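Descriptive analysis of the structure
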Amino acid sequence: MKRIFAIAALLATGAASSSYAQFAGKLVPDFAQIQYAGSNGWMGVGAGYAFFHRRLRTHFQYGYVPPAKGGPLHLFSGAVFYQPVRFQLGTRFQINPVDFGLKGSYQFGNDYFFKLPSRYPPNYYWWKPAFRLHLATESSVTYKLPANAGLRTFSAYLEFNTNDLYMVSYFLNAGSLRVREVVKAGIGVRLEF
């Protein structure tokens, strides 16, 4: 009887560890990226996941602006991008002319707040200085690496985005703001595992 319990315990432990390993494997991101500018700080690093045959991807990113560039500022952002079309060039290259995305970013610091401090009268700001919602587009070129490279793909991308505050300011002040003043650009690289 003890032997049966011992075997059952070993099997259960093996099944549990196998199940845990599968769960932990799903938590490993599908890609990592680094981005310069583009509403993600002076430099940002992040990781994310791809879904639906890599047509939809989501990522989280930490961005930093050093004191020499206007900081110190710390940002955290999350984004979802949809890839409606992609073009294969040979066996190794792929071009994504335009992916569409939504981003949310949170900026840390005493000057940036989500809830209006008591020192301001009610409704002084209609926006939250710490939080921005962004509309974004991305264009990229992807290179499929050889199977023995340890990585799946390498992508270089260009992102354009604008946020809720910029869009409202642009439309309420028609003629006084230029598009280049409300649209931000960033460039980056993405490595897919």
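Relevant structure appears above.
Residues numbered from 1 in each chain as written. Predicted model: local features only at pLDDT ≥ 70, side-chain atom pairs only at ≥ 80, totals over all residues. Heavy atoms only, no water.

**What about the pairing of strand S9 (residues 184–192)?**
Bridge analysis of strand S1 (residues 31–37) against S9 gives 7 bridges, and the strand direction is antiparallel. Within S9, the residue paired with Ala-37 across the bridge is Gly-186. Where strand S8 (residues 153–163) meets S9, 9 bridges bridge the pair, whose relative direction is antiparallel. From the neighbouring strand, Phe-154 faces S9, where its bridge partner is Leu-191. (Pairing = 2+ DSSP bridges. Helix = DSSP H or I, 4+ residues; strand = E, 2+ residues; numbered from the N terminus.)

**Here's the deal with the packing of aromatic side chains**
What characterises a pair of aromatic rings is the spacing of the ring centres plus the angle enclosed by the ring planes. Considering all chains together, one arrives at 13 aromatic pairs under this definition. By way of ring pairs, the aromatic residues Phe-113, Tyr-120, Tyr-124, Tyr-125, Trp-126 and Trp-127 are connected into one cluster. Lying across the ring of Phe-31, Arg-190 places its NZ or CZ 5.7 Å from the centre. (Phe/Tyr/Trp six-rings, centres within 6.5 Å; stacked < 30°, edge-to-face > 60°. Lys NZ or Arg CZ within 6 Å of the ring centre and 35° of its normal.)

**Details of the pattern of salt bridges**
Throughout the structure, instances matching the rule amount to 7 salt bridges. Among the salt bridges present, the one from Lys-103 reaches Glu-159, with a minimum N-O distance of 2.8 Å. Remark: Glu-159 occurs in strand S8 and Lys-103 occurs in strand S6 (residues 93–108); sequence separation between them is 56 residues. Each member of the pair, Lys-103 together with Glu-159, is buried. Between Arg-132 and Asp-164 there is a salt bridge, and its shortest N-O distance comes to 2.7 Å. Residue Arg-132 is found in strand S7 (residues 131–144), and its partner Asp-164 is found in helix H2 (residues 164–172); the two are separated by 32 residues along the sequence. The class for Arg-132 is buried, based on a relative accessible area of 10%. (Salt bridge = Lys/Arg side-chain N within 4 Å of Asp/Glu carboxyl O. Buried < 20%, exposed > 50% of the residue type's maximum accessible area, 1.4 Å probe, protein only.)

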